[in-house]
Amino acid sequence: MKKKAFKAESKRILDLMINSIYTHNEIFLRELISNASDASDKLYYNALKNGNTGLDRNSLAINIKLNEDDRTITISDSGCGMDMNDLENNLGTIARSGSLNFKQESEKRDDIEIIGQFGVGFYSAFMVSKNVKVISKAYGSDKAYCWESQGADGYTISECEKESNGTEIILYLKDSTEDENYDEYLNEYKIRSIVKKYSDYIRYPIKMDVKKSIPKEGKEGEYETYIENETLNSMVPIWRKSSSQLTDEDYNNFYKDKFYDFEDPLKIIHSSVEGAATYNMLLFIPSKAPYNYYTKEYEKGLQLYSNGVLIMDKCADLLPDYFSFVKGLVDSQDLSLNISREMLQHDRQLKIISGNLEKKIKSELISMQKDDRENYEKFFKNFGLQIKYGLYSNFGMHKETLQDLVMFHSSSENKLVSLEEYVSRMKEEQKYIYYVSGESIAKIEQLPQIELLKDKGYEVLYLTDDVDEFAIRILMQYKEKEFKSISEGDLGLETEEEKKEIAKKSEDNKELFGILKDSLGDKVKEVRLSTRLKSHPVCLSVDGEISIEMEKVLNQMPNDQNIKAQKVLEINANHPIFNRLVSMMDTDKEKLSSYAQILYSQALLIEGLSIEDPVAFSNAVCELMI
Ligand code: ADP
C-alpha cells in the first residue's frame, strides 16, 4: 500500500506536536474525547433534524479501553464516523480553510497560538503514540476504512471491517524513557483523573472497564476483584453548575478545550438569568486577540444551546460587532431545538438575551476598568481598536454604550486614561478636552503645539490609531465637554489681553502675511500668527473638518479622491524668526518668498508629511548657509 504524505501544513504541525509544544501531553485524551463528543453531537443533531427523536444519548457513549499487554489505548464512539474522503481530508490535512498562513518565525509562541486557533486536536495523539490507527464507518455507509500513521512520514488508508457506525482510535503508546513515562496512560486511575479534569462536562457518558475489588465473604483480608463498566464523567455541563462548585482551573480548562485557546481567558462571566428570558451564560474574554481577529475571516458568535443541546455553533446575532471578541455560550430552555437560522434572527427571546448580554459585557468591562486596571489595559491593547471602530460605525449610534470603555494615551500620565478620568481632573478654566493625533507617541511628543498646553498644565490625549480621530469626531463631546484638536482653530488658551496683542500684530503685518501666503499659493489657506506655539518657530494647523492625520488616513484608502486638509501656516510671534521676517519687509523683500517656502517645508516635516520639492528645499537652505 502506498503511503501518502501529509500536506505541508500538517507535517509542520506534526513536527511541532512531536516536539511537544503542549506542556502536558496528557491533553491528547481531552482532544480525542472532544472529537468523539463532536461526532456524537453531529449524529444526534442530524437525527433530530430528520425527525428521528428516538435516539438515546446513552447509546452514543464514548468508550475507553486500556490494554496493558499491547500497550494500547482505544477510544471509540458511535458518532457520525468518517468515510474515505473524510479521513483523507480531515486527518490528512489541517488547513482545510486554506486561509492558514503560517508565520515563518521559528518562535514557538507564535506557532502555539496559531495551532491553538485551528484546533489540531487529533494530531496530539502523536505526542504519546508511535502508531495511530483510526477505524471509522460513516453513518449510513456500508464500508469502513482504516487510517494509519506512524507520524510525520505519512499515512495509509485501507478498507476494513467495522460493525456499526462510529470511530475507533487505537493509540500504540511510545516506549517510556527516562524523561517521559507513557505507561502511566495504561493506568485506570490516571485515565480517570484526566477525564475528570478535562472532560467531566462532556454530555455523553465516557465509559471504561475498571477493576474493582470487594472483601471476600467470610475470608478476612482477601479480596474478590471484578470488572465494572463505569461512567467516568458527571456529564453535567459546566455552565449548569453554580460558580461556587467550580474552580478557576475548571473554567480555564473548559475554555481552552472548547474555544481552542492556549492561554487562560482574561475574564470569565458566568451567570444564570431568569425573567423575560431564562438562560445560562458562560462568556469569556480572551487574553489575546486571535491572529485573524481584525480580518474578514474572523467570525463572531456564541454557541447556542437549547436545554443542553447544541443548536448553533456560532450564533452571530447574540453579539454586537463591537463585542465580537467575546467567546462562550448561551443555553436557554426557551429556544426550540430545530429552530432555523432565519427564524432565530427574528426570535424575541434571542433579542432579549442579546440585549442582556450586551449590558452584562459592558458592565463587566467597566468594573474591570475600575477595579482591575492592569487586565483592562491588557484587554484594551488587544480589543480596544474594535471598541473604537464600534464607536465610529453607524454614525455613532452606539456611543452611549461605548464611550466609557475607550481609553487614550495621556500626556500627563504617560498611560491610557478613560474620558471620565480626563474630565474629572480638567482644570477649572479648561474649556476643552484636548487631543492630538499622530503616528506614534514619540512623534506626537515632539510636535511644537504640545509645548504650550503642557506649560499650562492641560492634559492632552494622544491619538495614534487611524480610527481614533474619526471616533472622537463622532463623539463630539463627552459630559458636555467638547473635544478640541490642538492643531485646529482657537484653542481658547490665551487671555483677552494676549488676544488683543495678537490681533494688533496681525493687523500691523497684514502685508507681510499677504506676501507669504501669495508665495505659497494654494498650498495653504492662510499664513497667520500662532496662538498655540511657545518656543518653536512654525507649525501647521487646519481650518475645517479634515485634519492632517485624517488626510493621511483617507488618502491611504483605495479611492480616487484626493482629500486635502485646509492647511494654515502659523508663525510664532515670539520667535526671532518673526522679527526677522518683519525686518525683511524693509531690507530683503525679494527673499521673503524663499523664506516662506522654507518655513512651510519645515512645518510639513514637523507634521510628518513629505515636502513636495525636497531639492528646492535643500537648495534654499544652502543658499542661506553660504
Ligand atoms: P478539530 O476537531 O479542531 O476540527 P481535529 O484535528 O481534532 O480538529 O479533527 C479534524 C477533523 O476530523 C474534525 O473536524 C472531524 O471532522 C474529524 N474527526 C476527528 N475525530 C473524529 C471522530 N471521532 N469522528 C468523526 N470525525 C472525527
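Reading the values: the criteria
Residues numbered from 1 in each chain as written. Predicted model: local features only at pLDDT ≥ 70, side-chain atom pairs only at ≥ 80, totals over all residues. Heavy atoms only, no water. Helix = DSSP H or I, 4+ residues; strand = E, 2+ residues; numbered from the N terminus. Rg over C-alpha atoms; globule rule 2.2 N^0.38 Å. Buried < 20%, exposed > 50% of the residue type's maximum accessible area, 1.4 Å probe, protein only. Contact = heavy atoms within 4.5 Å. Pairing = 2+ DSSP bridges. Axes fitted to C-alpha atoms, helices over the stretch in contact; angles between N-to-C directions. Salt bridge = Lys/Arg side-chain N within 4 Å of Asp/Glu carboxyl O. 1 Å grid on protein atoms, 1.4 Å probe; cavity = no way out; pocket = protein on both sides within 12 Å on 5 of 7 lines; lining within 4 Å. Points joined across faces, edges and corners; volume = space filled by probe spheres on them. Nonpolar A, V, L, I, M, F, W, Y, C, P; charged D, E, K, R; others polar. Core = buried A, V, L, I, M, F, W, Y, C linked by side-chain atoms within 4.5 Å. Phe/Tyr/Trp six-rings, centres within 6.5 Å; stacked < 30°, edge-to-face > 60°. Lys NZ or Arg CZ within 6 Å of the ring centre and 35° of its normal. Expected span 1.5 Å × (residues − 1). Parallel < 35°, antiparallel > 145°, perpendicular 65-115°, else oblique. Left-handed = near helix turned anticlockwise from the far one by under 90°. Disulfide = S-S within 2.5 Å.

> Can you break down the overall build of the chain residue by residue, with the values?
What the chain contains, in helices and strands, is 20 helices and 22 strands. Taken against the 2.2 N^0.38 rule, which gives 25 Å for 626 residues, the C-alpha radius of gyration of the chain at 34 Å runs more than 25% over that of a compact globule. Across its three principal directions, the C-alpha atoms of the chain cover 120 × 60 × 50 Å. Of all 626 residues assigned to the chain, the portion counted as buried reaches 50%. Considering only contacts in the chain between residues 6 or more positions apart, those separated by 24 or more positions represent 69%.

> Please set out the sheet that holds strand β3 (residues 129–137) residue by residue, giving values where relevant.
Taken in spatial order, the eight strands line up as β5-β4-β3-β6-β2-β1-β7-β8 in an open sheet, and their pairing is mixed. Looking at strand neighbours, the two that pair on one side only are β5 (154–160) and β8 (223–231), the edges of this open sheet. Going across the sheet, the axis of each strand differs from the next one's by a mean of 20°, ignoring polarity. Across six bridges, strand β2 (residues 72–77) lies against strand β6 (residues 166–173) in antiparallel orientation. Within β6, the residue paired with T72 across the bridge is Y172.

> For the environment of N90, give the residues involved together with the corresponding values.
Here N90 lies in helix α3 (residues 84–92). Taking the C-alpha atoms as reference, N90 lies 55 Å from K479; in sequence the two are 389 residues apart.

> Help me get a handle on unusual backbone geometry, residues and values and all.
If you check the backbone angles, M235 has positive phi at about 65° while not being a glycine. Take M235: it is sitting in the loop between β8 and α6 (248–258).

> Could you give me a rundown of the pattern of salt bridges, with the residues and numbers involved?
Close approach of charged atoms lets side chains of opposite charge pair. One pass over the structure, following the stated rule, counts 48 salt bridges. The partner of E31 in a salt bridge is R30, and the shortest N-O contact between them spans 2.9 Å. On the basis of relative accessible area, E31 is assigned to the buried category, the value being 7%. In this structure R30 comes out as buried when scored by relative accessible area, which is 8%.

> If you had to explain empty space enclosed by the protein to someone new, which residues and values would you point to?
Within this structure, the stated rule accounts for one cavity of 30 Å³ or more. In this structure, the largest cavity spans a volume of roughly 110 Å³. What lines the largest cavity is V436, S437, L447, E469, S485, S487, E488, V542, S547, I548, E549 and E607. Breaking the lining of the largest cavity down by element, the ones donating at least two residues are β16 (433–437) and α17 (548–556). Taken together, the residues that form the lining of the largest cavity break down as four nonpolar, four polar and four charged.

> Hey, could you go over the nonpolar core for me, with residue numbers and the actual values?
If you look at the biggest cluster of nonpolar residues, it comprises 70 residues, and the most contacted ones within it are L304, F323, F325, L365, F379 and Y434. Of all the elements, helix α8 (residues 348–371) adds the most residues to this core, at seven residues. Every residue in contact with Y434, bar those within four places of it in the chain, is listed here: Y422, L453, Y458, E459, V460, L461, K484, I486, L491, G492 and L493. Counting 58 residues, the second-largest nonpolar core is a separate cluster that includes I33, F126, I206 and L246.

> Give a detailed account of the packing of aromatic side chains, specifying residues and quantitative values.
Evaluated as defined, the whole model comprises 24 aromatic pairs. For the pair F259 and F284, a centre-to-centre distance of 6.0 Å together with 50° between the ring planes defines the contact as tilted. One end of the pair, F259, is in the loop between α6 and β9 (267–273); the other, F284, is in strand β10 (residues 279–285), and 25 residues separate them in sequence. F284 carries the same exposure label as F259, and that label is buried. Between Y293 and F383, the aromatic rings sit 5.2 Å apart at their centres with planes inclined by 85°, giving edge-to-face as the arrangement. You can see Y293 sitting in the loop between β10 and β11 (302–306) and its partner F383 sitting in helix α9 (residues 373–396), a full 90 residues away along the chain. In this structure Y293 comes out as buried when scored by relative accessible area, which is 4%. Its relative accessible area of 0% is what places F383 among the buried residues. Taken together, the ring pairs connect Y293, Y294, Y298, Y322, F323, F325, Y376, F379, F380 and F383 into an aromatic cluster. Looking at K484, its charged tip hangs above the ring of Y432, at a distance of 4.9 Å from the centre.

> Which residues make up the sheet that holds strand β15 (residues 416–418), and what values do they have?
Picture the strands of a sheet paired through backbone hydrogen bonds; they go either parallel or antiparallel. The six strands lie next to each other as β15-β14-β17-β16-β19-β18, forming an open sheet whose pairing is mixed. Every interior strand has two partners, whereas the edge strands, β15 and β18 (477–478), have only one. Where β16 and strand β17 (residues 460–463) come together, four bridges link them in parallel fashion. Bridged to S437 within β17 is L463.

> Tell me about helix α19 (residues 592–606), and please be specific about residues and values.
The end-to-end C-alpha distance of α19 is 21 Å, a good match for the 21 Å that 15 residues give at a rise of 1.5 Å each. Residues of α19 that are buried include every one of L592, Y595, A596, I598, L599, Y600, S601, A603 and L604, and no others. Among the residues trailing α19, G608 stands out with phi positive, at a value near 80°.

> Lay out the packing of helix α18 (residues 576–587) against α19 in plain terms, naming residues and giving numbers.
Two elements in contact, α18 and α19, have axes separated by 11 Å at closest approach and are oriented at 160°. In terms of orientation, α18 lies roughly antiparallel with respect to α19. Crossing of α18 against α19: the hand is left-handed. Facing α18, whose interface residues are I577, R580, L581, M584 and M585, α19 presents L592, Y595 and L599. For the contact of α18 with α19, the class distribution of residues is seven nonpolar, no polar and one charged.

> Pulling in residues and values, what's your account of the environment of I62?
Here I62 lies in strand β1 (residues 62–67). Judged by its relative accessible area of 0%, I62 is buried. Separated by 25 residues in the primary sequence, I62 and S37 place their C-alpha atoms 7.5 Å from one another. Apart from the residues within four sequence positions on either side, I62 is in contact with I33, A36, S37, I75, S76, I202, Y204, P205, I206 and K207.

> Before we move on, could you go through the state of the cysteines and cite the residues and values that matter?
Counted according to the given criterion, the structure contains zero disulfides. The thiol sulfur of C80 is not disulfide-bonded, and the nearest other cysteine sulfur, from C160, lies at 16 Å. Here C160 stays unpaired: no disulfide links it, and the sulfur of C146, its closest cysteine neighbor, is 5.1 Å away.

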